[in-house]
Amino acid sequence: MNAEEVERNLNYVFKDKTLLERALTLPSADISNNNQTFEFFGDAILEFLVSEKIFDENASEGSMTERRKTLVSDKALAPVSQKLGLDKALIRSKYDDNNRKAVPSVYEAVVAAVYLDGGIEAARKFVFSTLDFSKKIKTGNYKGELQEALQARGEACPKYGCENVGTAGQPLFKVSVTVSGKTFYGEAPNKRQAEQNAAFAATEYLKTLNAQRG
């Protein structure tokens with residue numbers, strides 16, 4: 001894959017083509033002029049731009065942290081790199097054919113290259129057009145959300161009660177948590193998930209209260 005084809009896939013034309021080449025070059029191909037520092041810089045730029053994008057989603061700090069973590073994870077970036085054809089454009093040694101980390105990391109390197117070539121607006125346009133922000137990712141950290149929500153209301157941190165209502169062969173934990181004078185319950189085969197289920201029910205209740213007040 002040549003540089004022009006990569007640029008078409010990225011929908012960005014580099015003024016300095018060497019930046020793109022470096023972003024695609026793995027250490028196995030060039031020990032001194034590779035994309036490792038670009039990955040480092042691009043990771044920071046990407047976290048900033050994703051934070052900027054999700055800042056107005058009216059979510060808690062914990063929820064935004066988890067959502068950002070998911071959006072910039074290797075699991076999320078690998079298919080983006082593949083969709084853009086970056087996995088096929090990597091410049092590597094012929095013996096370096098099993099470096100899975102290289103696929104998501106090359107996206108970060110390209111973000112840095114676009115930033116260095118065109119500035120923050122170019123990087124913002126690239127990131128916002130290539131990452132999918134439409135999916136609302138469930139964080140599963142409902143205990144953290146509940147604690148933040150109660151702190152925002154000036155209430156004490158939640159306390160959980162737990163009871164094993166199952167059997168030795170089939171454990172079932174029932175957890176209770178009281179919020180604003182109302183008790184909520186959650187059940188699951190393990191205590192941790194039961195607590196999350198109870199916290200989810202309580203969090204949804206607080207959202208309803210806040211909507212009524214708002």
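You'll find the structure just up there.
Residues numbered from 1 in each chain as written. Predicted model: local features only at pLDDT ≥ 70, side-chain atom pairs only at ≥ 80, totals over all residues. Heavy atoms only, no water.

Participant: When you look at the pairing of strand 2 (residues 173-179) in this model, what are you seeing that I'm missing?
Facilitator: Regular strands place side chains that alternate from one sheet face to the opposite one. Judged by which residues are buried, strand 2 turns out to be one-sided: Phe-173, Val-175, Val-177 and Val-179 face inward and are buried, whereas Lys-174, Ser-176 and Thr-178, on the alternate face, are not. Summarising the sheet, strand 1 (residues 160-164) and strand 2 pair through five bridges and their orientation is antiparallel. In the sheet register, Cys-162 faces strand 2, and the bridge partner there is Val-175. Pairing geometry for strand 2 and strand 3 (residues 182-188), over seven bridges, is antiparallel. Among the inter-strand pairings, Lys-174 is bridged to a residue of strand 3, identified as Glu-187. (Buried < 20%, exposed > 50% of the residue type's maximum accessible area, 1.4 Å probe, protein only. Helix = DSSP H or I, 4+ residues; strand = E, 2+ residues; numbered from the N terminus. Pairing = 2+ DSSP bridges.)

Participant: How do you make sense of the packing of helix 5 (residues 74-83) against helix 7 (residues 102-118) when you look at a structure like this?
Facilitator: Taken N-terminus to C-terminus, the directions of helix 5 and helix 7 make an angle of 80°; their axes are 7 Å apart at the nearest point. The angle between helix 5 and helix 7 falls in the class roughly perpendicular. Where helix 5 approaches helix 7, its residues Asp-74, Leu-77, Ala-78, Val-80, Ser-81 and Gln-82 are matched on the opposing element by Val-103, Pro-104, Val-106, Tyr-107 and Glu-108. In the contact of helix 5 with helix 7, the residues fall into seven nonpolar, two polar and two charged. (Axes fitted to C-alpha atoms, helices over the stretch in contact; angles between N-to-C directions. Parallel < 35°, antiparallel > 145°, perpendicular 65-115°, else oblique. Contact = heavy atoms within 4.5 Å. Nonpolar A, V, L, I, M, F, W, Y, C, P; charged D, E, K, R; others polar.)

Participant: Please explain the side chain of Thr-25 as it appears in this structure.
Facilitator: Relative to the assigned elements, Thr-25 resides in the loop between helix 2 (17-24) and helix 3 (36-54). The exposure class assigned to Thr-25 is buried, which follows from its relative accessible area of 7%. Engagement of the side chain of Thr-25 in a polar contact is seen with the backbone oxygen of Glu-21, the distance being 2.6 Å. Setting aside anything within four residues of it in sequence, one finds Thr-25 in contact with Asp-30, Asn-33, Asn-34, Asn-35 and Ile-91. (Polar contact = N/O pair within 3.5 Å; in protein donor to acceptor, adjacent residues only side chain to side chain.)

Participant: Would you mind going over a nonpolar patch on the surface with me for this structure?
Facilitator: Together, Phe-40, Phe-41 and Leu-116 make up a nonpolar patch on the protein surface, roughly 330 Å² of accessible area in all. Tracing the chain through its elements places Leu-116 in helix 7. (Patch = residues over 30% accessible without salt bridge, like charges linked within 9 Å, V, L, I, M, F, W, Y side chains within 5 Å. Areas by Shrake-Rupley, 256 points an atom, 1.4 Å probe, with all protein chains shown as cover. Salt bridge = Lys/Arg side-chain N within 4 Å of Asp/Glu carboxyl O.)

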